Structure formats: structure tokens, C-alpha cells
Amino acid sequence: MTEIPKTYEPAAIESKWYADWEAKGCFAADPASDKPAYSIVIPPPNVTGHLTLGHVLNNTIQDILARRARMLGKEVLWLPGTDHAGIATQNVVEKTLRKEGAMKHRDDLGREALVAKIWEWKEKYGGIILKQLRALGASCDWSRTRFTMDPEYSACVQRVFVDLYKKGLIYRGKRMVNWCPASLTALSDEEVIMKEQNGLMYHFRVEVVEEPGTFLTIATTRPETIPADTAVAVNPNDPRYTHLIGKHVWRALGERVQIPIIADNHVTFDFGTGVLKVTPAHDKADYEIGLRHKLPVIDVLTPDGKMTALAGAELEGMERFAARKKSAELLEAAGALEKTEPYKNNVGFSERADVPIEPRLSEQWFLKYPSVESSKACVADGSMRFFPDRWAKVYDHWMTGIQDWCISRQLWWGHRVPVWKIRINGDSFRANLALNVLVEDHCQNARIPTPAGDYQVLINRGAWPDQLENGVVGFANKVTHLIPLSNGDFEFRVLTLDSEVISILEETGFTQDPDVLDTWFSSWLWPFATMGWPEKTSTLAKFYPTTDLVTGPDIIFFWVARMIMAGYEYMGELPFKNVYFTGIIRDKQGRKLSKSLGNSPDPLDLIAKYGADALRFGTMRSAPLGTDVIYDEKNVELGRNFCTKLWNAARFRQMHGGETEGEIRPDFLTSDDKWILARLNDVIREVSIALDEYRFSDASGALYRFFWSEYCDWYVEASKATLYGTDEARKANTLAVMDFVFSHTLRLFHPYLPFITEELWNSMGFANDLPAKQGGDTIMFAVWPKPFTSEELGYFCLDETSDALAKAKYATVEAGRGLRRDFNLPGNKKNRFILKPSGALEAHEANVIANLLNAEPFEVDAAFTPTKGTPVALTPIGELFLPLEGLIDVAAERERIGKEITKVEAELDKVRAKLADENFAAKVPAKVLEEHRQREIDWAEKHAQLVKMRDALGAS
RNA sequence: GCGCGUUUAGCUCAGUGGUAGAGCACUCGCUUCACACGCGAGGAGUCGCAGGUUCGAACCCUGCAACGCGCACCA
């Protein structure tokens, strides 16, 4: 047994044990194990990322779950990794390259060179966050670390793309999408955040062509789009305007042209002026109106949000917001601007770039979500559980109104769409032999004429390839699709992952689609693509579906919902059984933590200052289920203080030497021993239930209370009477009880405090006599404590009454300390106390009280008659006197007792009033009535004694 | 606009029908032989507001308010 230093120094201990765990392979998951499986996949952090407090919260929870599962005898897989974070990563690297002067624009480098640079950057900096997770103590199986752009993972993504295309769920469409003018890419609806803006509403006039002198007033927030207006719409039932429908107005800006006045139900009477400018190119709703009325589409914005020549000479080249001001000025100058008023409206912002998005007509790849019904059902019927469960409703709502997902991004970093295409007409078809073969093959199998117009006779070649709807044909190594275009040409698409096919395609003149896929289109496959899918691996067999998923509610749609759908579609099963949604970490003002606000402390600094265990414990203590977490460094300090307490309690135990975990002899158990064993039993149950229900904060609170307020404050202090005594047999027994409690406590704490518990587990010798795999090597595999069996309860002589004496003693001690305080006697000075017991009291028990009270001498005297005015407190064991030689103030003592009597009387009045109410007696359950009667008796008894004590002081 | 959540001590939060709690902060005393990152004692709450149900409400019901979140969105 080695001497423990006086203060806990986490740094060396943490790195020592983490290296030891890794060296012993403690984190490795064995699919061949016959233990029951427990698995979690990490929500892959952004590869550009650094550890934040959000990661600390999220990963500490996962680590607690994983470590406890190991102690419960499960074979645990916690699978780590990162995602490639398309936009964010490309932005970061481009920015760096621009700063270094390596390029001005990505086109300077070109696609291949830039992607190579990003890979270079990723290899160099991409693993930072995973290293940081090690500092936190995360017990991930690092040998299985995955990245969403690993070759195998990329193959999964493209395979899924091809499969969904074959199923007719992925299609290419020209429609209005959310366009980010900063990142120059389309975004999904989920990546658009609506923000309220203080804008302006511009009211401007247009003249009716057919009725010169008649004007319509239109309200708009975007006058810069007037040059793109191709109609003016009114509601068909709006009597103000019905006579104008079918006529025209002069457009107010841009080329002076006539645009029609049309009737459309989309227009509401009472909003604005009831007249709507219709801009099909720049507004989703207007685009729909345009389709209904076959309006032309005029695009006046460049991809990066500048005005085109179509906007007119005055606006051309201007940035969109400058153009807005300018447009208003132009209207004003033309006398068309009626008024401008402040207006609050919601504008969609790009989540990543934080700039207003533009609705933009473009061709993109879309996905109709698969397996929607089973995905909805599993949460609705409870086969997958959400914690807190209110998220189930949010999920269901989203799944019900689900829209097709725009999955293509105009970026270079990501999974490139596995589609090769070529535009063909009759001539090119005949001229290109390889193409000819491909297309003929397709047409034969799709049973359609070739583009050349020849009808191919079907040749029966035995097994037919997949004959799919919409003329899509699936071969073993490719999917083909011939799409007629409006001008009579065709687009021929080949989807394939086969490198031989790809080289043929490229030689034949096909080009690959330039787009990459949304990062979430790869991470939605995470639970199975990380485990070797599509092979039927032993890992999948053992660990899929996973047990728990821990994530933030902010990605419930982005990630969780989509993973569920992918899970059903590709594994035929849900991907995880429970989803725990963490809160969001905020600062004391309730703001989210962010770099730009500077309110986001670096967890590594906190670990350096307080230790990883302290950070974990402090974070978990302050993170209740279902609510956001208010971050305060005080919580980490609390964690650090707790570790020190644990450390010093261990030191105290070690100072007393003796045998480690000696035998506990029931005949030697003191009332204090029984009391702490009963408390241990309570806390084992409490912590286990709390963890089963994902109440991490409650579990940590229970442990904190048990160890500090019960074990240290009472049990250790009470045990000093024995440990500093002379009865060696009793002393050994007390140490045995301490070891028993301590070794259980360390195990209960291990998931929260992995490092300090491992250190103490070993240094205190608890690992010594255990089998290697059950705590002998490491506390990580020590058996999770269970509440006592009835045999154990019997052995320790524990029943409902066994802790009554200890409780009575502690109440007596508190009463005595209260007396000291009342009479300003410092706690560190010995004082004489006399206890006049109401029953028998063993010498040992009196000794414990004396110790806890710092009483010397402590006299137990049933016949004690106090000097008049001696301060006295009523305790469950008897009357406790604090004799104050020469300082007795009878009046003061009378007043003190009088105050107490007043309190007791108030309580007595309360309970008597209830009992006197006839309704109460008649209607209340018998148990409650009995409880109140007992309460009355107790208060009355106390009252009588206090009165007696006051009377004994005489009349003054 | 629809939906969800929160509102309890100065702060952060427990407490789902029967005597209002914890940690931190605060006040007082204490360097006592595990620990001052500590020990002991203490003060502190109209349980958001208004009704209702009940013998009894922090807790159940209704309405309202404030704050937060999600969804939708009218130019």
C-alpha cells in the first residue's frame, strides 16, 4: 500500500490511466464475445471541429452509459468518428489558402487540386477533436474510428444513391431551392433559419396600360426584384380589382414593358394593398403562380447575389441590398413611390454562412424520403424511445409534413454524385459505337425505341435485369436511364460505382455530374455504414441495432429522423432503441455558447485547471434531463472540490492501515455501521434507477449527497470514536465496513469519475483479490453494485428500525451544536455537556456523541439536576445540558426556550386545526389521518417538555 | 398563427395531492491530528398571476402573463 499525497493532482494520473486502458485494450469491442451487446455510435463531430462544452456534455453522457454497461457485464461498442462537413470544411481550407496567397478563388486551383489540399489539411488537423475526447476520458473503440469520406464509407453513400435512384426516389428536378449566395450552393430546407428582420415595406404605383391614369398600388419588401416581375396578381374575388383582370400594367422598373394583371387565389384581400407583384424567378410562391399562369421567368440575380443586366443599367452589377435602396430611389425619382414604412418580417438565413438565402430556380437532385411510415410508427408505438419524450411529438410532426430533400450541393468537398451523363441525338448515337451499345442495351431492356427511332427487337437473354419504372434499368454493375429532352435530344444517364464501367463511360464522352451530396446524406447511414455494411459483418450482427443514441435536439431532423429512415430502408430495422436528447449549453445570460461571443471556454483549459473528472462531474451535476444547461465555472470547481474530498477520504482510510477489505463481523457492527450500510443500500438503488432512466444529474446528485453528507460528515466522523479507541477487534471491523462502503462507492462513481476512481481502486488495494476481468485489472470491469439481497440484509442485521439509534444520536449532536452556537462557544474548544437520557445508552454510543460534539467531559447522568437556568436542548435520546459555570442567564434561557415553544405551538396549531375539521376526519385516508394524529402527539409531547423546562427556571 | 417547454430561496435546480428541499452564494464561528478545494452553525421562498376541483394544491383543471424552443408564414 503506497502513501497517498495530500492533494489530488489529476494531470499525471489521467494520462497514466488512459494509456493503461488503451494498452490493455479495454475499449475494444469483440463481436465474438458471448456477453450481451451494448452499442453507441458517436454523433460524428465536424472534422474541422475542436472540443466544446457541448461535446463534453454529449460525450460524457455516452461515456457514462458505456462504462456502466461494461460494469453490468455487457460487451460494449462505442464507435467514434468524424464527418467531412462539406461547406464548413471547404470554407475553412479555402480561407486558409487565400490567406496564404495560394489562390484567390477556388477556380485558380481547380477541383482536383483543391480537393487534394483539403485532404492534406484533413490529414494534418482532422483528428484533433478525437484526441481531445481522449483527454476527457472517452472510452471509444478507437480501432474502429470512421470518417464519412473513408473509401468504404464513400462506397456506401454512392451505393445508396444508386439504389434510391433505381427505386425512383431520387430524381433530378428544376425547381425553386434555397440558394446561399455566400457559399454558392443550394441548401436543404433544414439549413435555412428564419430570422425576424426590421425591414421596410415599399408601396409603389403602377399604371394600367389600358386605362391611362388608373394606378394600382403594390406593397413589397423587395423592390430590387421589380425588373423580374412578369405579372401583377389580384384575388379573383376582390371586387376592387375584378374589372382589371386581363388588362396590363407598365412595369415600374427595368425595361418598360407591359405585364398582365392576373387572378390568383394565393393573393389575400387584406394583406398590403391586395395587389401582388409576381416574380417567378425570386420567390417560391410566385414561382407557383407563374407555373399556373405560364408566366415567363426573368432572373435578375447572379448566383452571388448581384443584379444582372436584365435588371436594367442603373442596377446592373449592384449587390442585392444596395440595389434595394437604389430601386427605391429610382421609384421615388419616377414619382412611383407612394410610401415606405418600417416592417418586421421573417427572412430565411443560411445556417452556415449566416446571410439571407435567395429562392432560386435551379436543377438539383432531390430525394423522396424512404421508409417514412415505419420510421414514424416506431416512435409512435414506443419501440424506439425518446428522452425526454416530448421530442417524439416534434419528430412526428416533422415526419408528417415531410418535403422532398434537396441533396445536391455545388461544392467540391464531399461525395460526388455517381451519375455520368451524355447528351445524345440520332447522329451522335450512330457515330459513337460504345455509346450505341450502351443505349441499345438499355432500350432493349427498357423495351423502348432507341433514340434513332429504330424499334429494337427484344432478345431473350435468360435472366432479365431489374426492369424498373420510369424507364430506369438496373444492371449488376450500373443503372441506366434515357431521358427525352424537349428539343428532341436525349440525356443518357449511367449510375455506377464500377471503375471499369467508369473508364468506359469517360472514354465514350460521358461526364460526371459535378455536384456533391449533402453531408447529411452520408451521415444518415452512420449506424450501419460504420459497421461494414453492405457486408453482413460480425460487427453488424452483434451490435446493430445500437442501444442508445445521445445527441442534441437541434439535429433531430437533420440527422436523427433521417438515420431512422435509412435504418429501416437498408437494415429493415430501427438503428437505435433509445435516443437521449441533451440540453443546449448556455452562458449565465442564457445565450448559446459561441466563439464570436467569446463566452465559450475551452474544455481543455478547464481540464488542465481542474481535471477531466471535475469537468465531467460538474457538467453532469448541472445538466438535468430535458432542460438547457447554464454553464458556470463554479460547477467545475464543485467537481474539483468533490474529487479532493474523495481523495482525502481515501487518505484518511489509508492512514489507519490494517487489512484491506477484511471480513465484516455482524456481531461487531455499531449503530453507525448499520446506518451507513443502509444508506449505501439506498444510494445503490437510487443511482441505478436514475441511470436506467437517463437521469444523470439525479444520479450524480445522489452520489454526491451520499458520499459527502452521509459517509464523510457522519459515518467517518462517528467512526473516529472507534478508530482512535483501543478496541482492536472493533477497529478492524470498522475498517472493514469502510472498505466495503468505499469500494462500492468507487464503482458507483466510476462512470462519472473514471480517472480518480481507477487510481483509488488500485492504490487502496481493492483490485488485489479480484479476478482480472472483474476488477482485478481495472475498475472498468468491476461488477456494478446491486442493492443488498435479503441474505445480505440479514447478515448485516438491517431492517426498518436498525438505523433509528444512529439517527437519534445525530439529531442529539445537532442539538448540542445548536446550543454551542446559541451561546457563542467556538466549535474547536472542548466543552462540558451532560446528557440526561430518557432510556439506556451504551458507553460506546455516548462516546460517539461526545466525539461528534467535541464534548469533554461528556457526562451521561439520568439523575442530573441542573442549576437553574442551565441551557438545555430536547433530543430524541434525552435532555442535553450545556452547563455554563458562572455565566448563567436565567432570563436569556427562558427567552430561548420561549422562542422554541412558540415554534412548536405554531406547528401544533396547524395540525390541530386540520384534525378539528370534521371534513378532514371524515374524508381523509386512514393512513394520513393516523399520520396527523401521531404528529399531534409528537408536537404535544415536545411542547409539554419545553414548558416543563421553562417552568423549572422559575418565575424569574 | 399552430405546437411544445419553462416559471419554487440572490443564482442553478429537485420536489405530481398530506410538515417547502439541495448545491452555490450570503452571514457567523473555527487552521480541531483526511480534507480551508475544508469543518460547524445560521438567515433566507406571497412556489409567475387569477379562478376552479378537493377536507387539503407548488403538484390536478381552466384562463392569462413573461421567457425560451420548434413548425408554418402574407408579398
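Check the entry above for the structure.
Please read these numbers as outputs of a predicted model, since none were measured by experiment.

Caption draft 1: A look at the protein's contact with RNA strand B. The environment of RNA strand B is formed by 57 residues, the closest being Phe-271, Thr-644, Arg-651, Tyr-724 and Lys-923. When atoms of RNA strand B within 4 Å of the protein are sorted by moiety, sugar and phosphate together comprise 59%. Interatomic distance of 2.9 Å between a side-chain N/O atom of Glu-717 and a base nitrogen of RNA strand B. In this structure, a base oxygen belonging to RNA strand B sits 2.7 Å away from a side-chain N or O atom of Arg-821. If you tally residues by element for the surface near RNA strand B, the top one is helix H21 (residues 633-655), at 11 residues.

Caption draft 2: Region of the structure containing the packing of aromatic side chains. Counted under the stated rule, the structure contains 55 aromatic pairs. Seen from their ring centres, Trp-119 and Phe-147 are 5.9 Å apart, and the 85° between their planes marks the pair as edge-to-face. Remark: Phe-147 occurs in strand S4 (residues 146-147) and Trp-119 occurs in helix H5 (residues 111-125); sequence separation between them is 28 residues. By relative accessible area, which is 3% here, Phe-147 ends up buried.

Caption draft 3: Spotlight on the nonpolar core. In terms of nonpolar packing, the biggest core is built from 192 residues, with Phe-521 and Phe-742 touching the most fellow members. Those residues in contact with Phe-742 that lie beyond four places of it in its chain are Leu-646, Ala-649, Ala-650, Phe-707, Tyr-711, Leu-760, Met-764 and Phe-766. Grouped together as the second largest cluster of nonpolar side chains are 20 residues, Val-206, Leu-216, Leu-244 and Val-249 included.

Caption draft 4: Broad picture of helix H9 (residues 320-333). For H9, spanning 14 residues, the distance from its first C-alpha to its last is 20 Å, which sits close to the expected 20 Å at 1.5 Å a residue. Within H9, burial applies to Arg-320, Ala-323, Arg-324, Ser-327, Ala-328 and Leu-331. Along the long axis of H9, the arc covered by the buried residues comes to 145°, so they all point the same way. Those residues of H9 that are exposed and angled more than 90 degrees off the buried face are Lys-325, Glu-332 and Ala-333. Taking the backbone nitrogen of Phe-321 as reference, a side-chain oxygen 3.0 Å away marks Glu-319 as the first, capping residue of H9. In the segment just after H9, Gly-335 is the residue with positive phi, at about 75°.

Caption draft 5: Representation of the pattern of salt bridges within the structure. Scanning the model with the defined rule gives 51 salt bridges in all. Glu-211 serves as the salt-bridge partner of Lys-247, at 2.8 Å between the closest nitrogen and oxygen. Taken together, the residues Lys-247 in the loop between strand S9 (231-234) and strand S10 (248-250) and Glu-211 in the loop between strand S7 (192-207) and strand S8 (215-220) connect sequence positions 36 residues apart. By relative accessible area, Lys-247 is classed as partly exposed at 24%.

Caption draft 6: A look at the environment of Lys-174. As for its position among the elements, Lys-174 is in strand S5 (residues 170-180). The spacing of Lys-174 and Gly-765 is 591 residues in sequence and 70 Å in space, taken between C-alpha atoms. In this structure, Lys-174 is in contact with Tyr-287, Leu-361, Ser-362 and Glu-363, ignoring residues within four places of it in sequence.

Caption draft 7: Quick look at the side chain of Asp-489. If you trace the backbone, Asp-489 turns up in the loop between strand S21 (479-484) and strand S22 (490-495). Ignoring any residue separated from it by four or fewer positions in sequence, one finds Asp-489 in contact with Arg-423, Ile-424, Asn-425, Ile-483 and Pro-484.

Caption draft 8: Here's a closer look at the sheet that holds strand S30 (residues 855-860). Strand order in the open sheet formed by 4 strands is S30-S29-S32-S31, with mixed pairing between adjacent strands. A single partner strand is all that each edge strand has here, and the edge strands are S30 and strand S31 (872-874). In this sheet, adjacent strand axes meet at a mean angle of 20° when their direction is disregarded. Here strand S29 (residues 831-837) pairs with strand S32 (residues 878-881) via 4 bridges, running antiparallel. Bridging from a neighbouring strand, Leu-835 pairs with Leu-880 of S32. The strands touched by helix H31 (residues 926-952) are S31 and S32; relative to S31, the strand with the most contacts, the crossing angle is about 165°.

Caption draft 9: Structural context of the sheet that holds S8. Pairing within the open sheet is antiparallel, and its 3 strands lie in the order S8-S7-S13. Edge strands, defined here as strands with exactly one partner in the open sheet, are S8 and strand S13 (337-350). Strand-to-strand twist across the sheet, computed as the mean angle between neighbouring axes with direction ignored, equals 20°. Sheet analysis places S7 next to S8, joined by 6 bridges and oriented antiparallel. Across the sheet, the residue bridging to His-203 is Ala-219, located in S8.

Caption draft 10: Structural view of the packing of helix H22 (residues 671-692) against helix H27 (residues 804-822). The geometry of H22 relative to H27 is characterised by a closest axis approach of 8 Å and an angle of 105° between their N-to-C directions. The pairing of H22 with H27 is recorded here as roughly perpendicular in orientation. Counting all contacts with H22, which are made through Ser-671, Asp-672, Trp-675 and Arg-679, the residues of H27 involved are Leu-805, Ala-806, Lys-807, Lys-809 and Tyr-810. Of the residues belonging to the contact of H22 with H27, the class tally is 4 nonpolar, 1 polar and 4 charged.

Caption draft 11: Quick look at the environment of Ala-29. Relative to the helices and strands, Ala-29 is located in the loop between helix H1 (10-23) and strand S1 (37-41). Distance in space between the C-alpha atoms of Ala-29 and Lys-344 is 55 Å, their sequence separation being 315 residues. In this structure, Ala-29 is in contact with Glu-75, Val-76, Leu-77, Asp-141, Arg-144 and Phe-543, ignoring residues within four places of it in sequence.

Caption draft 12: Structural detail: the side chain of Thr-230. Positionally, Thr-230 belongs in the loop between S8 and S9. Here the side chain of Thr-230 touches Pro-296 through a polar contact of 3.1 Å, landing on its backbone oxygen. Those residues in contact with Thr-230, other than ones at most four positions away along the chain, are Ile-259, Pro-260, Val-278, Pro-280, Leu-295, Pro-296 and Ile-298.

The rules behind each value
- Residues numbered from 1 in each chain as written.
- Chains lettered and ligands numbered in written order.
- Predicted model: local features only at pLDDT ≥ 70, side-chain atom pairs only at ≥ 80, totals over all residues.
- Heavy atoms only, no water.
- Near = heavy atom within 4 Å.
- Polar contact = N/O pair within 3.5 Å; in protein donor to acceptor, adjacent residues only side chain to side chain.
- Helix = DSSP H or I, 4+ residues; strand = E, 2+ residues; numbered from the N terminus.
- Phe/Tyr/Trp six-rings, centres within 6.5 Å; stacked < 30°, edge-to-face > 60°.
- Buried < 20%, exposed > 50% of the residue type's maximum accessible area, 1.4 Å probe, protein only.
- Core = buried A, V, L, I, M, F, W, Y, C linked by side-chain atoms within 4.5 Å.
- Contact = heavy atoms within 4.5 Å.
- Expected span 1.5 Å × (residues − 1).
- Arc of directions from axis to C-beta.
- Salt bridge = Lys/Arg side-chain N within 4 Å of Asp/Glu carboxyl O.
- Pairing = 2+ DSSP bridges.
- Axes fitted to C-alpha atoms, helices over the stretch in contact; angles between N-to-C directions.
- Parallel < 35°, antiparallel > 145°, perpendicular 65-115°, else oblique.
- Nonpolar A, V, L, I, M, F, W, Y, C, P; charged D, E, K, R; others polar.

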